[in-house]
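Spelled out, the chains give:
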Amino acid sequence: MSYLGEINSPKDIKKLNIKELECLCAEIREYMIDSVSKTGGHLASNLGVVELTVALHKVFNSPNDQIVFDVGHQSYTHKILTGRKESFSSLRQEGGISGFTRRNESEHDIFSSGHSSTSVSSAIGLAKAKALKGDKGKVIAVIGDGALTGGLAYEALNNSGNESSNLVVILNDNEMSISKNVGSVAKNLTTIRTSPKYFRFKSKISRNIAKIPKVGSKITTFFTLINQKIRKRVYKNTFFEDLGFRYYGPIDGHDLDALIDALNVAKAHNHSVLIHINTVKGKGYEFAEQNPSKFHGIGKFDINTGEPISSGDNFSSVFGKSLMNLAEKDSRICAVTAAMASGTGLSEFAKKYPKRFFDVGIAEQHAVTFSSGLARNGMLPVFAVYSTFLQRSYDQLIHDISMQNLKVIFGIDRAGFVGEDGESHQGLFDTAFLMSVPNLTVFAPAYFDELSAMLYQAAYKEKNAVAIRYPRGGECEKPKGYSYEKETFGIFGNPNGTTAIITYGREFNECYKALESLDNAFVVKLNRIKPIDEAVFSQLENCSRILFFEEGIKTGGVGEVFGAKLKEHKSNAEFKHIAVDDEFVKQASVKSQVKKYSLDCDSIIEEVLNG
């Protein structure tokens, strides 16, 4: 019998017993592995929380009880159980369902997500609003141990324990241990404390004692203090209890019986509760269990071998290799990452230069300020970070780096369109905020060799902080005879043409291809986008039209700065800026996104000829 075939909403699992739920979990894993092998996605984390998600929907009543998944990259089982099973094959595809939680997808997706460490903060707000409205439902935040390396999570925990009686936090410990192994006594104590019979018995006794005239409340307080001292002795570490939570754990996150008991206790509690569970990333798929980092976020792969269907060099790997080459000759060079060593191409650097490699966890703000300290004392730190995550450390970039004229290099990965990851991960905003930061130089390579050369320039030719922004994936075919000679800009096509096409980075490829169909136009490729070389404007004096094509957000972007400078140079040319205009870009292939926003070759030709 197929249990998954009968599941269309969370209500359908409530009638299943433990054995049936275990069969359902096995079916979900098989279905998920098969589907993600064809679409790509976050596999290891999702395989690790199948039992937890099934137990959550067994015990709680979503959406009245609100489940908030931190990051949302582990919500695949949740999607399958909440009416999106039939559309799961469209995961991360254009027009399909997102790889993260999205409010516009389902009433069961309480918050749209994509970035880490936000769940407890938003859950506190949800819980407070429920309390103010008299809503008896619970709010459950599911957060991984990795996300607890983000400072925002601790700010929230500090604010939540004693304040939110309807809050439940599930700490999914699947990689790095949050607390020391507490031994069999602690585990047995947790088993007893999460027994429904024990909880009902304890609650009944507490109510009866409280009714004793005059001394009832004093007796209750006394036993509460004794209880706390015993737990402190047994658990050794009462960090979460000190913050005001009732702590239960660690619990086997793949034991449905234990999970359901613990969640039922949490549901009955009139106090904030933290349940600490242990899970295995990649559970049920051998290749993912053996290499969870590889299957954290993976493209299409062969189920039988676990190997990606496409491979080869990409900008991230080239960045990592180029940095290792520099580090071999320069002992000052350090690499910094915020829990993204593999994604940013730094895994080999970490192995070769472990003393000069620093993974600070999911803490981008700390990473930037930590890098400023390295720089202040004579090191040459290189912080490799996705564009979408650099957004989180804008203040540190200004206050701790640029204001102090410190030399830190930022390798900004996944700049521009990122395709299937969708709205929360598009690298479209970094240029807008980088253009506003003094004492910062920004380069935009279009090809691998440019990236390597610009990294060398950043290290040895620039005085202050430097950012190098490069796209996701591989490089496009380079024009014949093209070479980067460390110039700030280059001109291609008919230099006497009256239409100038200005661009930078990967978008140069589309603009260059368009030249084949344009006689009276030339392309200006900006290699350094901040500061813009003033010499470029003398090349535009005979132009009647200037078109700026930018794979980024329009407001505050490079094109907007360029247009303002044209006015300063008294240009009479018609200026038009084509970029992403005041919206979030939905998931689709990069090719589709480029076309949608009129940045493809055909759109450029049409704009020049008919615009």
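Below is a summary of the structure that appears in this document.

One pass over the full model with this rule turns up 28 salt bridges. In this structure, E51 and R29 form a salt bridge, with 2.8 Å as the shortest nitrogen-oxygen distance. Of the two residues, E51 is situated in helix α3 (residues 50-59) and R29 in helix α1 (residues 18-39); the sequence distance between them amounts to 22 residues. Of the residues examined, E51 reaches a relative accessible area of 8% and is grouped as buried. In this structure, K554 engages D581 in a salt bridge whose closest nitrogen and oxygen atoms are separated by 4.0 Å.

Mapped onto the secondary structure, A363 falls in the loop between β7 (357-359) and α15 (364-376). Look at A363 and you get buried, because its relative accessible area is 11%. C-alpha of A363 to C-alpha of F389: the two residues are 26 residues apart in sequence and 9.5 Å apart in space. Not counting residues up to four positions away in its chain, the partners in contact with A363 are T149 and A338.

Bringing the sheet that holds β7 into the picture now. Taken in spatial order, the seven strands line up as β7-β6-β8-β9-β11-β10-β15 in an open sheet, and their pairing is mixed. If you trace the sheet from one side to the other, it starts and ends with β7 and β15 (528-530), each paired once. On average, each strand axis in the sheet is tilted by 20 degrees relative to the strand beside it, whichever way the strands run. Examined bridge by bridge, strand β6 (residues 333-337) and β7 share three bridges and lie parallel to one another. Bridge assignment links T337 to a residue of β7, and that residue is D359. Where α15 meets the sheet, its contacts fall on β6, β7, β8 (380-386) and β9 (409-413), and the angle it forms with β8 comes to roughly 165 degrees.

Taken across its six residues, strand β2 (residues 139-144) has six buried, putting it largely inside the fold. Of the two faces of β2, both are covered, the one formed by V139, A141 and I143 as well as the one formed by I140, V142 and G144. Pairing of strand β1 (residues 66-69) with β2 involves four bridges; the strand directions are parallel. Bridge pairing in β2 links V68 to A141.

A few words on empty space enclosed by the protein. Taken as a whole and assessed by the stated rule, the structure comprises four cavities of 30 Å³ or more. A volume near 100 Å³ is recorded for the largest cavity. What lines the largest cavity is a set of 15 residues, and nearest its centre among them are A415, R469, G505, R506 and E551. Counting residues per element, the ones that place at least two in the lining of the largest cavity are β13 (499-504) and β16 (545-553). Looking at the lining of the largest cavity element by element, the count peaks at three residues for β16. Within the lining of the largest cavity, the residues separate by chemical class into seven nonpolar, three polar and five charged.

In this section: the packing of aromatic side chains. How two aromatic rings sit relative to each other is given by the distance of their centres and the angle of their planes. What the rule picks out here adds up to 30 aromatic pairs. Both rings, one in Y504 and one in F548, keep their centres 6.3 Å apart while their planes meet at 55 degrees; by these two values the pair is tilted. One end of the pair, Y504, is in strand β13; the other, F548, is in strand β16, with 44 residues separating them in the sequence. Assessed through its relative accessible area of 4%, Y504 is described here as buried. When the ring of F508 is compared with that of Y512, the centres are 5.6 Å apart and the planes differ by 45 degrees; the resulting orientation is tilted. Residue F508 and its partner Y512 are located together in helix α20 (residues 508-514), separated by four residues, close to a single helical turn. Residue class for F508 comes out buried when judged on its relative accessible area of 0%. On the accessibility criterion, Y512 (28% relative accessible area) is partly exposed. Taken together through their ring pairs, the aromatic side chains of Y447, Y482, F492, F508 and Y512 make up a single cluster.

This part is about the packing of α3 against helix α11 (residues 256-268). Relative to each other, α3 and α11 sit at 45 degrees, their axes nearing to 9 Å. One element, α3, and the other, α11, form an angle in the oblique class. You can see that α3 and α11 cross each other, and the crossing is right-handed. Mapping the contact onto sequence places E51, L52, V54, A55, L56, K58 and V59 in α3 and L256, L259, I260, L263, N264 and K267 in α11. Taken together, the residues that form the contact of α3 with α11 break down as nine nonpolar, one polar and three charged.

Conventions used here
- Residues numbered from 1 in each chain as written.
- Predicted model: local features only at pLDDT ≥ 70, side-chain atom pairs only at ≥ 80, totals over all residues.
- Heavy atoms only, no water.
- Salt bridge = Lys/Arg side-chain N within 4 Å of Asp/Glu carboxyl O.
- Helix = DSSP H or I, 4+ residues; strand = E, 2+ residues; numbered from the N terminus.
- Buried < 20%, exposed > 50% of the residue type's maximum accessible area, 1.4 Å probe, protein only.
- Contact = heavy atoms within 4.5 Å.
- Pairing = 2+ DSSP bridges.
- Axes fitted to C-alpha atoms, helices over the stretch in contact; angles between N-to-C directions.
- 1 Å grid on protein atoms, 1.4 Å probe; cavity = no way out; pocket = protein on both sides within 12 Å on 5 of 7 lines; lining within 4 Å.
- Points joined across faces, edges and corners; volume = space filled by probe spheres on them.
- Nonpolar A, V, L, I, M, F, W, Y, C, P; charged D, E, K, R; others polar.
- Phe/Tyr/Trp six-rings, centres within 6.5 Å; stacked < 30°, edge-to-face > 60°.
- Parallel < 35°, antiparallel > 145°, perpendicular 65-115°, else oblique.
- Left-handed = near helix turned anticlockwise from the far one by under 90°.

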